[in-house]
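As a plain string of letters, each chain reads:
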Amino acid sequence: MEELKSKIDMTKLPKHVAIIMDGNGRWAKSRGEERTYGHRSAIQSVRNAINACNEIHIPYLTLYTFSTENWNRPEDEVSTLMSLLSETLLNEADEIYTKGLRLKVIGDVSKMPEMVREQLQNVMDLTKNNKGGTLVLALNYGSQDEIIHAVKSIAKDAKDGKINPEDINNQLFESHLYTKDMPPVDLMIRTSGEIRISNFLLWQIAYAELQFLDIFWPDFTKDDFFNCILNYQDKERRYGKTSEQIEADKA
């Protein structure tokens, strides 16, 4: 672990890493267990990701915790996920605070159970003055819903005369997203071997490096995270330019 971390160039770190934590249910079933066993076992992997980010001082980590589509899962699984989320927030609050992290939530949390909303607010209040990295939980989150929400908000402002439609640009649009105070995603990681985005931060990953790991989320380690960072640092991020232009800009 320390050997991998020592290879990381601390001057070329992503500012924002997002993770689709996929494969809990399949991991459990492969062991003859119920899907909920996979969700409980995945808590250590969440710690691994948070600790790895904290150790190399990545400012933002966003975890796809519960999507708008996840409500369609079996009722007992959804109930377990909600209870587990509340329990984890309660148990991990002091650790998050001690690490100097600030908790932020994106998504429509108004539809989450009251116990979850209360725990979220407690941890956000506890950590609001922390100056370390920001841990972002995407809860009842769907990127298409977020974009529609932003469009409605902009349309209302235009109708009320607060903005001129001709002034709408990327910056204004981003100011109406849940992530308005956050940098764009530089690196998006998905576990489980699936190669798709699943309605996650579609606007924010426009120029992100995408890495799809052939492991289930409960098996995710800090070494896996550090390997993703090393792979990210091997990429030339051109943003539409040529390699020659990038080299000229460095000169």
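Residues numbered from 1 in each chain as written. Predicted model: local features only at pLDDT ≥ 70, side-chain atom pairs only at ≥ 80, totals over all residues. Heavy atoms only, no water.

In the nomenclature of an unreviewed UniProt entry, the protein chain is known as Isoprenyl transferase of Elizabethkingia occulta. Check the Sequence similarities (unreviewed entry) section of the UniProt entry for the protein chain; it says "Belongs to the UPP synthase family." Check the Subunit (unreviewed entry) section of the UniProt entry for the protein chain; it says "Homodimer." (UniProt positions renumbered as here; feature names shortened; annotations may be inferred.)

Undergrad: Requested: an account of the domain arrangement of the protein chain, with residues and values cited.
TA: Looking at the assigned domains, one finds that the protein chain contains domain 1 (14-141 + 184-250) and domain 2 (143-177). In total, domain 1 and domain 2 occlude about 700 Å² of area from one another, counting both sides; carbon and sulfur atoms represent 56% of this. If you sort the residues of domain 1 by the area they bury against domain 2, Tyr141, Asn199 and Trp203 come out on top, with a joint share of 70%. Joining domain 1 to domain 2, the criterion identifies 0 salt bridges. Along the contact surface separating domain 1 from domain 2 lie 6 residue pairs in polar contact (both at pLDDT 80 or more). For the side of domain 1 that touches domain 2, a count of residues per class yields 5 nonpolar, 3 polar and no charged. (Domains from an automatic or database assignment. Buried area = accessible area lost by both parts, 1.4 Å probe. Salt bridge = Lys/Arg side-chain N within 4 Å of Asp/Glu carboxyl O. Polar contact = N/O pair within 3.5 Å; in protein donor to acceptor, adjacent residues only side chain to side chain. Nonpolar A, V, L, I, M, F, W, Y, C, P; charged D, E, K, R; others polar.)

Undergrad: Which residues make up the pairing of strand 4 (residues 134-141), and what values do they have?
TA: Burial within strand 4 is extensive, with 8 of its 8 residues counted as buried. In this structure, strand 2 (residues 60-67) lies alongside strand 4, joined through 7 bridges in parallel fashion. Note on strand 4: the bridge partner recorded for Ser67 is Tyr141. Alignment of strand 3 (residues 102-106) against strand 4, held across 5 bridges, turns out to be parallel. Within strand 4, the position partnered with Val105 by the bridge is Leu137. Once you follow strand 3 into helix 6 (residues 114-127) and on to strand 4, the crossover reads as left-handed. (Buried < 20%, exposed > 50% of the residue type's maximum accessible area, 1.4 Å probe, protein only. Helix = DSSP H or I, 4+ residues; strand = E, 2+ residues; numbered from the N terminus. Pairing = 2+ DSSP bridges. Right-handed = clockwise from strand over helix to strand, strands pointing away.)

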